[in-house]
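Descriptive structure summary
Spelled out from the first residue to the last, the chains are:
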Amino acid sequence: MVPHNFAAGDRIQKEKERGIYVIKEGRCEIFLNDDKMEMLDRGDFFFESTVLFGSPDLYQVRAINNTEAYFIGSEALENIPIVQWKLFELYNKRLSRITSNGDDGSTPNFQWKEEYSVSVQEIDADHKRMLEAAEKLNRAIEIKENREVLNDILDFLITYTREHFKKEEDMMKSYFYPEAEEHSKKHAKLTEEVLSLKNTFDAGEIEMDSEFINFLQSWIIDHILTEDMQCGTFLNHRSIY
Ligand SMILES: [Fe+2]
Ligand SMILES: [Fe+2]
(Lines give C-alpha, C1' and ligand atoms only; values in the text may rest on other atoms or scores of the structure.)
(Ligands and ions follow the chains in the order given, each with its own letter.)
Protein backbone atom coordinates (compact mmCIF):
# COMPACT_ATOMS: atom_id res chain seq x y z
CA MET A 1 0.00 0.00 0.00
CA VAL A 2 1.42 3.32 -1.07
CA PRO A 3 0.01 6.51 0.55
CA HIS A 4 -0.75 9.46 -1.75
CA ASN A 5 -1.86 12.99 -0.86
CA PHE A 6 -4.15 15.08 -3.03
CA ALA A 7 -5.03 18.74 -2.54
CA ALA A 8 -8.65 19.95 -2.73
CA GLY A 9 -9.61 20.25 -6.42
CA ASP A 10 -6.90 17.88 -7.72
CA ARG A 11 -7.86 15.47 -10.50
CA ILE A 12 -6.69 12.01 -9.43
CA GLN A 13 -4.88 10.34 -12.27
CA LYS A 14 -4.69 6.61 -12.80
CA GLU A 15 -1.36 5.05 -11.89
CA LYS A 16 0.60 3.32 -14.64
CA GLU A 17 0.22 0.01 -12.87
CA ARG A 18 -3.16 -1.62 -12.23
CA GLY A 19 -4.72 -1.01 -8.83
CA ILE A 20 -7.35 0.79 -6.78
CA TYR A 21 -7.24 3.81 -4.47
CA VAL A 22 -8.81 3.53 -1.01
CA ILE A 23 -9.55 6.81 0.78
CA LYS A 24 -7.95 7.05 4.22
CA GLU A 25 -8.93 10.65 5.01
CA GLY A 26 -10.80 13.30 3.03
CA ARG A 27 -13.51 13.40 0.42
CA CYS A 28 -13.56 12.87 -3.34
CA GLU A 29 -16.15 12.84 -6.10
CA ILE A 30 -16.59 10.68 -9.15
CA PHE A 31 -17.73 12.55 -12.23
CA LEU A 32 -18.32 11.98 -15.91
CA ASN A 33 -17.99 14.97 -18.23
CA ASP A 34 -19.60 17.63 -16.02
CA ASP A 35 -22.02 15.32 -14.23
CA LYS A 36 -21.35 14.39 -10.63
CA MET A 37 -21.94 10.70 -10.14
CA GLU A 38 -20.97 9.83 -6.59
CA MET A 39 -19.38 11.26 -3.43
CA LEU A 40 -16.65 9.17 -1.82
CA ASP A 41 -15.57 9.21 1.82
CA ARG A 42 -13.16 7.37 4.11
CA GLY A 43 -13.02 3.65 3.20
CA ASP A 44 -14.48 4.12 -0.32
CA PHE A 45 -12.46 3.01 -3.31
CA PHE A 46 -12.21 3.68 -7.04
CA PHE A 47 -10.52 2.66 -10.34
CA GLU A 48 -11.86 -0.90 -9.98
CA SER A 49 -11.95 -1.46 -13.74
CA THR A 50 -8.15 -1.42 -13.97
CA VAL A 51 -8.02 -4.37 -11.56
CA LEU A 52 -10.95 -6.30 -13.03
CA PHE A 53 -10.31 -5.83 -16.74
CA GLY A 54 -6.99 -4.05 -17.12
CA SER A 55 -8.81 -1.19 -18.87
CA PRO A 56 -9.21 2.39 -17.63
CA ASP A 57 -12.40 3.35 -15.79
CA LEU A 58 -14.94 5.44 -17.66
CA TYR A 59 -15.26 8.07 -14.97
CA GLN A 60 -12.88 10.64 -13.49
CA VAL A 61 -12.18 11.40 -9.84
CA ARG A 62 -11.27 14.63 -8.08
CA ALA A 63 -10.50 15.46 -4.47
CA ILE A 64 -13.06 17.73 -2.79
CA ASN A 65 -11.03 18.19 0.41
CA ASN A 66 -7.38 17.51 1.05
CA THR A 67 -7.33 13.76 0.73
CA GLU A 68 -5.03 10.95 1.70
CA ALA A 69 -5.54 7.68 -0.17
CA TYR A 70 -3.70 4.38 -0.40
CA PHE A 71 -2.88 2.87 -3.75
CA ILE A 72 -3.18 -0.93 -3.69
CA GLY A 73 -1.71 -2.75 -6.69
CA SER A 74 -3.85 -5.43 -8.35
CA GLU A 75 -1.45 -8.27 -7.49
CA ALA A 76 -2.42 -7.82 -3.81
CA LEU A 77 -6.12 -8.13 -4.72
CA GLU A 78 -6.04 -11.07 -7.08
CA ASN A 79 -7.13 -14.49 -5.84
CA ILE A 80 -9.26 -13.00 -3.04
CA PRO A 81 -12.78 -13.87 -4.20
CA ILE A 82 -14.61 -11.58 -1.76
CA VAL A 83 -12.54 -8.58 -2.85
CA GLN A 84 -13.01 -9.39 -6.54
CA TRP A 85 -16.75 -9.73 -5.94
CA LYS A 86 -16.92 -6.36 -4.12
CA LEU A 87 -15.06 -4.68 -6.96
CA PHE A 88 -17.33 -6.28 -9.53
CA GLU A 89 -20.46 -5.27 -7.63
CA LEU A 90 -19.29 -1.67 -7.48
CA TYR A 91 -18.24 -1.73 -11.13
CA ASN A 92 -21.75 -2.86 -12.15
CA LYS A 93 -23.43 -0.22 -10.00
CA ARG A 94 -21.34 2.58 -11.51
CA LEU A 95 -21.72 1.18 -15.02
CA SER A 96 -25.51 1.16 -14.80
CA ARG A 97 -25.44 4.85 -13.76
CA ILE A 98 -23.27 5.69 -16.74
CA THR A 99 -25.37 3.79 -19.29
CA SER A 100 -28.79 4.90 -18.04
CA ASN A 101 -30.77 8.03 -18.80
CA GLY A 102 -31.97 8.52 -15.27
CA ASP A 103 -30.43 7.87 -11.89
CA ASP A 104 -32.26 4.60 -11.35
CA GLY A 105 -30.93 3.00 -14.53
CA SER A 106 -34.42 1.90 -15.55
CA THR A 107 -34.66 3.68 -18.92
CA PRO A 108 -32.91 1.91 -21.78
CA ASN A 109 -30.65 4.17 -23.74
CA PHE A 110 -28.87 3.29 -26.98
CA GLN A 111 -27.40 6.72 -27.68
CA TRP A 112 -23.72 6.57 -28.55
CA LYS A 113 -21.53 8.13 -25.85
CA GLU A 114 -17.85 8.99 -26.15
CA GLU A 115 -17.22 6.78 -23.08
CA TYR A 116 -18.15 3.76 -25.23
CA SER A 117 -15.24 4.42 -27.58
CA VAL A 118 -12.61 1.67 -27.54
CA SER A 119 -10.34 4.05 -29.52
CA VAL A 120 -10.27 1.79 -32.58
CA GLN A 121 -12.19 3.50 -35.37
CA GLU A 122 -13.41 0.40 -37.18
CA ILE A 123 -14.74 -1.22 -34.00
CA ASP A 124 -16.40 1.99 -32.80
CA ALA A 125 -18.15 2.38 -36.18
CA ASP A 126 -19.65 -1.11 -35.85
CA HIS A 127 -20.72 -0.48 -32.26
CA LYS A 128 -22.49 2.73 -33.31
CA ARG A 129 -24.37 0.83 -36.02
CA MET A 130 -25.39 -1.88 -33.53
CA LEU A 131 -26.70 0.76 -31.09
CA GLU A 132 -28.65 2.45 -33.91
CA ALA A 133 -30.30 -0.84 -34.83
CA ALA A 134 -31.18 -1.53 -31.19
CA GLU A 135 -32.68 1.97 -30.87
CA LYS A 136 -34.72 1.36 -34.03
CA LEU A 137 -36.06 -1.84 -32.49
CA ASN A 138 -36.78 0.01 -29.23
CA ARG A 139 -38.89 2.60 -31.10
CA ALA A 140 -40.65 -0.06 -33.17
CA ILE A 141 -41.66 -1.91 -30.00
CA GLU A 142 -42.85 1.34 -28.41
CA ILE A 143 -45.17 2.14 -31.31
CA LYS A 144 -46.31 -1.50 -31.41
CA GLU A 145 -45.11 -2.28 -34.93
CA ASN A 146 -46.19 -5.63 -36.32
CA ARG A 147 -44.24 -8.82 -35.78
CA GLU A 148 -42.75 -8.84 -39.27
CA VAL A 149 -41.17 -5.40 -38.87
CA LEU A 150 -39.79 -6.27 -35.42
CA ASN A 151 -38.34 -9.54 -36.73
CA ASP A 152 -36.64 -7.78 -39.66
CA ILE A 153 -34.91 -5.27 -37.38
CA LEU A 154 -33.86 -7.97 -34.91
CA ASP A 155 -32.54 -10.17 -37.75
CA PHE A 156 -30.49 -7.26 -39.04
CA LEU A 157 -29.08 -6.57 -35.56
CA ILE A 158 -28.13 -10.22 -35.01
CA THR A 159 -26.56 -10.67 -38.47
CA TYR A 160 -24.64 -7.40 -38.19
CA THR A 161 -23.42 -8.25 -34.69
CA ARG A 162 -22.23 -11.71 -35.75
CA GLU A 163 -20.24 -10.16 -38.62
CA HIS A 164 -18.81 -7.65 -36.16
CA PHE A 165 -17.82 -10.43 -33.73
CA LYS A 166 -16.03 -12.22 -36.58
CA LYS A 167 -14.20 -8.98 -37.50
CA GLU A 168 -13.06 -8.47 -33.90
CA GLU A 169 -11.94 -12.08 -33.63
CA ASP A 170 -9.88 -11.77 -36.84
CA MET A 171 -8.24 -8.60 -35.49
CA MET A 172 -7.47 -10.26 -32.16
CA LYS A 173 -5.83 -13.20 -33.93
CA SER A 174 -3.76 -11.05 -36.28
CA TYR A 175 -2.34 -9.07 -33.37
CA PHE A 176 -1.85 -12.11 -31.09
CA TYR A 177 -4.16 -10.76 -28.41
CA PRO A 178 -3.60 -13.04 -25.38
CA GLU A 179 -7.29 -12.92 -24.32
CA ALA A 180 -8.53 -13.76 -27.84
CA GLU A 181 -9.87 -17.18 -26.95
CA GLU A 182 -11.80 -15.98 -23.87
CA HIS A 183 -13.17 -13.03 -25.81
CA SER A 184 -14.35 -15.30 -28.66
CA LYS A 185 -16.05 -17.58 -26.13
CA LYS A 186 -17.89 -14.54 -24.79
CA HIS A 187 -19.05 -13.71 -28.35
CA ALA A 188 -20.32 -17.28 -28.75
CA LYS A 189 -22.23 -17.02 -25.47
CA LEU A 190 -23.77 -13.67 -26.42
CA THR A 191 -24.82 -15.07 -29.81
CA GLU A 192 -26.35 -18.13 -28.18
CA GLU A 193 -28.32 -15.97 -25.70
CA VAL A 194 -29.87 -13.74 -28.34
CA LEU A 195 -30.62 -16.63 -30.73
CA SER A 196 -32.36 -18.55 -28.00
CA LEU A 197 -34.57 -15.51 -27.26
CA LYS A 198 -35.25 -15.09 -30.97
CA ASN A 199 -36.42 -18.72 -31.15
CA THR A 200 -38.95 -18.07 -28.41
CA PHE A 201 -40.27 -15.04 -30.34
CA ASP A 202 -40.45 -17.05 -33.57
CA ALA A 203 -42.34 -19.79 -31.75
CA GLY A 204 -44.78 -17.16 -30.45
CA GLU A 205 -43.99 -18.11 -26.84
CA ILE A 206 -43.21 -14.54 -25.78
CA GLU A 207 -43.48 -11.07 -27.31
CA MET A 208 -40.68 -8.59 -27.82
CA ASP A 209 -41.26 -6.04 -25.08
CA SER A 210 -39.50 -3.56 -22.80
CA GLU A 211 -37.91 -6.41 -20.88
CA PHE A 212 -36.25 -7.59 -24.08
CA ILE A 213 -35.02 -4.03 -24.71
CA ASN A 214 -33.45 -4.00 -21.24
CA PHE A 215 -31.76 -7.28 -22.08
CA LEU A 216 -30.46 -5.82 -25.38
CA GLN A 217 -29.03 -2.81 -23.61
CA SER A 218 -26.79 -4.86 -21.38
CA TRP A 219 -26.23 -7.41 -24.16
CA ILE A 220 -24.58 -4.73 -26.31
CA ILE A 221 -23.19 -2.17 -23.91
CA ASP A 222 -21.78 -4.33 -21.11
CA HIS A 223 -19.62 -6.26 -23.57
CA ILE A 224 -18.35 -3.04 -25.20
CA LEU A 225 -17.41 -1.58 -21.83
CA THR A 226 -15.62 -4.66 -20.57
CA GLU A 227 -14.07 -7.13 -23.02
CA ASP A 228 -14.05 -4.77 -26.05
CA MET A 229 -12.54 -1.93 -24.02
CA GLN A 230 -9.79 -4.25 -22.79
CA CYS A 231 -9.12 -5.41 -26.35
CA GLY A 232 -9.11 -1.78 -27.58
CA THR A 233 -6.46 -0.86 -25.00
CA PHE A 234 -4.32 -3.77 -26.22
CA LEU A 235 -4.73 -2.77 -29.90
CA ASN A 236 -3.87 0.85 -29.06
CA HIS A 237 -0.60 -0.38 -27.54
CA ARG A 238 0.04 -2.01 -30.93
CA SER A 239 -0.61 1.41 -32.56
CA ILE A 240 -4.01 0.38 -33.94
CA TYR A 241 -6.51 3.22 -33.69
FE1 LIG B 1 -16.20 -8.20 -28.58
FE1 LIG C 1 -17.55 -5.35 -30.21
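What counts and what doesn't
Residues numbered from 1 in each chain as written. Chains lettered and ligands numbered in written order. Predicted model: local features only at pLDDT ≥ 70, side-chain atom pairs only at ≥ 80, totals over all residues. Heavy atoms only, no water. Helix = DSSP H or I, 4+ residues; strand = E, 2+ residues; numbered from the N terminus. Rg over C-alpha atoms; globule rule 2.2 N^0.38 Å. Buried < 20%, exposed > 50% of the residue type's maximum accessible area, 1.4 Å probe, protein only. Pairing = 2+ DSSP bridges. Donors = N, O, S within 2.8 Å, 3.2 Å for Na, K, Ca; no water. Tetrahedral: all angles 85-135°; square planar, octahedral: opposite > 155°, others 65-115°. Phe/Tyr/Trp six-rings, centres within 6.5 Å; stacked < 30°, edge-to-face > 60°. Lys NZ or Arg CZ within 6 Å of the ring centre and 35° of its normal. Domains from an automatic or database assignment. Contact = heavy atoms within 4.5 Å. Buried area = accessible area lost by both parts, 1.4 Å probe. Salt bridge = Lys/Arg side-chain N within 4 Å of Asp/Glu carboxyl O. Polar contact = N/O pair within 3.5 Å; in protein donor to acceptor, adjacent residues only side chain to side chain. Axes fitted to C-alpha atoms, helices over the stretch in contact; angles between N-to-C directions. Parallel < 35°, antiparallel > 145°, perpendicular 65-115°, else oblique. Left-handed = near helix turned anticlockwise from the far one by under 90°.

With that settled, the discussion passes to the overall build of the protein. Tallying secondary structure elements over the protein gives six helices and eight strands in all. Ordered by position from the N terminus, the helices and strands of the protein form the series β-β-β-β-β-β-α-β-β-α-α-α-α-α. Compactness check: the protein gives a C-alpha radius of gyration of 20 Å against a globular reference of 18 Å for 241 residues, within 12% of the reference. Along the first, second and third principal axes, the C-alpha atoms of the protein reach 60 × 40 × 30 Å. Within the protein, buried positions represent 46% of all 241 residues.

With that settled, consider the sheet that holds strand S1 (residues 2-6). Taken in spatial order, the four strands line up as S1-S8-S3-S6 in an open sheet, and their pairing is antiparallel. In this open sheet, the two edge strands, each paired with only one partner strand, are S1 and strand S6 (45-46).

Take the coordination of the iron ion (ligand 1) next. Taken together, Glu168 (OE), His183 (NE2), His187 (NE2), His223 (NE2) and Asp228 (OD) make up the full set of protein donors to the iron ion (ligand 1), lying 2.0 to 2.3 Å away. As a motif over one chain, the donors of the iron ion (ligand 1) read E-x14-H-x3-H-x35-H-x4-D. If you look at the iron ion (ligand 1) and the iron ion (ligand 2), they sit 3.5 Å from each other and are both ligated by glutamate 168. Placement of glutamate 168 in helix H4 (residues 147-174) and of histidine 187 in helix H5 (residues 180-202) is noted, with a sequence separation of 19 residues between them.

Here the focus is the coordination of the iron ion (ligand 2). Those donors, His127 (NE2), His164 (NE2), Glu168 (OE) and Asp228 (OD), are the protein atoms that reach the iron ion (ligand 2), and they lie 2.0 to 2.2 Å from it. One can describe the donor arrangement at the iron ion (ligand 2) as irregular, given that its four donor atoms subtend angles of 81 to 171° at the metal. Under the relative-accessibility criterion, aspartate 228 is labelled buried at 2%.

What follows is about the packing of aromatic side chains. Under the criterion given, the structure shown has 15 aromatic pairs. With centroids separated by 5.9 Å and ring planes inclined at 25°, the aromatic side chains of phenylalanine 212 and phenylalanine 215 adopt a geometry described as stacked. Here phenylalanine 215 and phenylalanine 212 lie together in helix H6 (residues 210-237), a separation of three residues that amounts to about one turn. Connected via pairs of aromatic rings, a cluster forms that spans Phe6, Tyr21, Phe46, Phe47, Tyr59 and Phe71. Over the ring of phenylalanine 31 we find arginine 62, and its NZ or CZ is 3.9 Å from the ring centre.

A few words now on the pairing of strand S7 (residues 60-63). In S7, alternate side chains face the same way, and those of Val61 and Ala63 are buried while those of Gln60 and Arg62 on the opposite face are not. With two bridges joining them, strand S2 (residues 11-12) and S7 adopt antiparallel strand pairing. By the bridge assignment for S7, isoleucine 12 is matched with valine 61. In the sheet, strand S4 (residues 28-32) pairs with S7 via four bridges, with the strands oriented antiparallel. Looking at the pairing, isoleucine 30 lines up with valine 61 of S7.

Before going further, it helps to examine the domain arrangement of the protein. In terms of domain boundaries, the protein breaks down into domain 1 (2-99) and domain 2 (114-237). One C-alpha centre belongs to domain 1, the other to domain 2; they are set 29 Å apart. Between domain 1 and domain 2, the contact holds eleven residues from the first and ten residues from the second. Counting the surface lost from both domain 1 and domain 2, the interface buries some 900 Å², and carbon and sulfur atoms represent 61% of this. The largest per-residue losses of area from domain 1 upon contact with domain 2 belong to Phe53, Leu58 and Thr99, which jointly make up 50% of the total buried on that side. Joining domain 1 to domain 2, the criterion identifies zero salt bridges. In this structure, the connection of domain 1 to domain 2 is made through two residue pairs in polar contact (both at pLDDT 80 or more). Counting residues per element, the side of domain 1 that touches domain 2 draws most heavily on helix H2 (residues 81-99), which supplies four residues.

Moving on to the packing of H2 against H6. The N-to-C vectors of H2 and H6 enclose an angle of 115°; their axes lie 12 Å apart at closest approach. Put simply, H2 runs roughly perpendicular to H6. Every pair of crossing elements has a handedness; the one defined by H2 and H6 is right-handed. Here H2 contributes Tyr91, Leu95 and Thr99 to the contact with H6, which in turn contributes Gln217, Ile221, Asp222, Leu225 and Thr226.

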